[in-house]
Amino acid sequence: MKLASLKNNTRDGQLVVVNKSLSKAVVVDYIANTLQQALDNWGQIAPQLKEVYFKLNNNQIDNTIDFEQKQCESPLPRAFQWADGSAYVNHVELVRKARGAEMPETFWTDPLMYQGGSDAFVGPRDNINVVSETYGIDFESEIAVITDDVPMAATPEQCQKYIKLIMLVNDVSLRNLIPAELAKGFGFFSSKPSSAFSPVAVTPDELDNAWDGKKLHLPLTTHFNDELFGQPNCGVDMTFDFPTIVAHAAKTRPLSAGCIVGSGTISNYDRSAGSSCLAEKRMLEIVADGKATTEFMKFGDKVRIEMFDHAGQSIFGAIDQQVSQYTPE
């Protein structure tokens, strides 16, 4: 099934069930007001939502509304946890190679992960507000999963069953703030502003054989200023699958229902598929020519992130954002 949160002047939005074609939706406040409420009682509420989804797709519901992606919050407008991994190690290897740094062998066996800000995500059609272009504004096209409660020290095999929903991510990065921040030895903070997620989150069964319980085997398409930028396959060259990175997040702590775990930037060794962020393209230019010629995002630039099924149908809707200058009050 497909779920979304519509803007309604509250912090957490209004939960709706969306039909397969992303054209109609139905408010389900008599089941749960918000997606977080549904996740808190997933075992009881999911079957009720699934019944609504079945009826919606079979035109058995009268009180439907037109589904407008521009009216969506991120499926979880805020979350108790947002942990982003770096499952595509070839991407990390490339970034380090471009600056002449060796990559530790442990990167192939021990996942990288940072804890992102989860108190205020932005909607999939909301602007990317940044104070200055000098920050080095970049998009990062990714996949994320939403979990049920995950016990501490759960194994990857156990974590597979805790993955309840899947969605797309634009994990915005401010590249020029990263070096000084990492040099402090305490990780990302200011260099990682609010992320945006796809208009809808879907249950794994909605992906049919493209989801094998561990990886999503479809291309992720990114357009930058209306031109195709990349469409690497998410199931290719993924060093750490989703159950593995969820287990890594739960290594020393339990995860609460509604925890979001990201894949990191989608990246393939076959560079003909393009890239999922400007930084990777810049790194490829440095490796090939000794210098980067691609610039980071400017005010007015646009990015669109979307995934299509084998029939060409948009699965999650599109993250479609424009960079705008934020003026502090």
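Everything that follows concerns the structure shown earlier in this document.
Keep in mind that this is a model prediction, so the values were computed, not measured.

Before going further, it helps to spend a moment on the nonpolar core. Of all hydrophobic cores here, the largest spans 62 residues; its most connected members are F67, I143, L216, M307 and F316. Ranked by residues supplied to this core, first place goes to helix α6 (residues 242–249) with five residues. Counting residues in each nonpolar core, the second largest holds 33 residues, with L15, Y53, W82 and A257 among its members.

What follows concerns the environment of W42. Among the secondary structure elements, W42 is positioned in helix α2 (residues 42–57). In this structure W42 touches M1, L3, P47, D148, K164, L165 and T203, once residues within four positions along its chain are discounted.

Right, let's talk about the pattern of salt bridges for a bit. Taken as a whole, this structure holds 13 salt bridges when the rule is applied. Salt-bridge contacts for D126 lead to K7; the nearest nitrogen and oxygen are separated by 2.6 Å. A residue pair is termed long-range when its members are at least 10 positions apart, and D126 in the loop between β6 (113–115) and β7 (128–130) and K7 in the loop between β1 (2–6) and β2 (14–18) qualify at 119 residues. Since its relative accessible area comes to 21%, D126 is described here as partly exposed. When its relative accessible area of 34% is taken as the criterion, K7 is described as partly exposed. Across the pair D138 and R175 runs a salt bridge whose closest N-O atoms are separated by 2.8 Å. With a gap of 37 residues between them, D138 in strand β8 (residues 137–138) and R175 in the loop between β11 (173–174) and α5 (178–183) connect regions that are remote in the sequence. The exposure class assigned to R175 is buried, which follows from its relative accessible area of 17%. Three or more residues joined by partner-sharing salt bridges are found here, namely D138, E140, D171, R175 and K192.

Criteria and thresholds
- Residues numbered from 1 in each chain as written.
- Predicted model: local features only at pLDDT ≥ 70, side-chain atom pairs only at ≥ 80, totals over all residues.
- Heavy atoms only, no water.
- Core = buried A, V, L, I, M, F, W, Y, C linked by side-chain atoms within 4.5 Å.
- Buried < 20%, exposed > 50% of the residue type's maximum accessible area, 1.4 Å probe, protein only.
- Helix = DSSP H or I, 4+ residues; strand = E, 2+ residues; numbered from the N terminus.
- Contact = heavy atoms within 4.5 Å.
- Salt bridge = Lys/Arg side-chain N within 4 Å of Asp/Glu carboxyl O.

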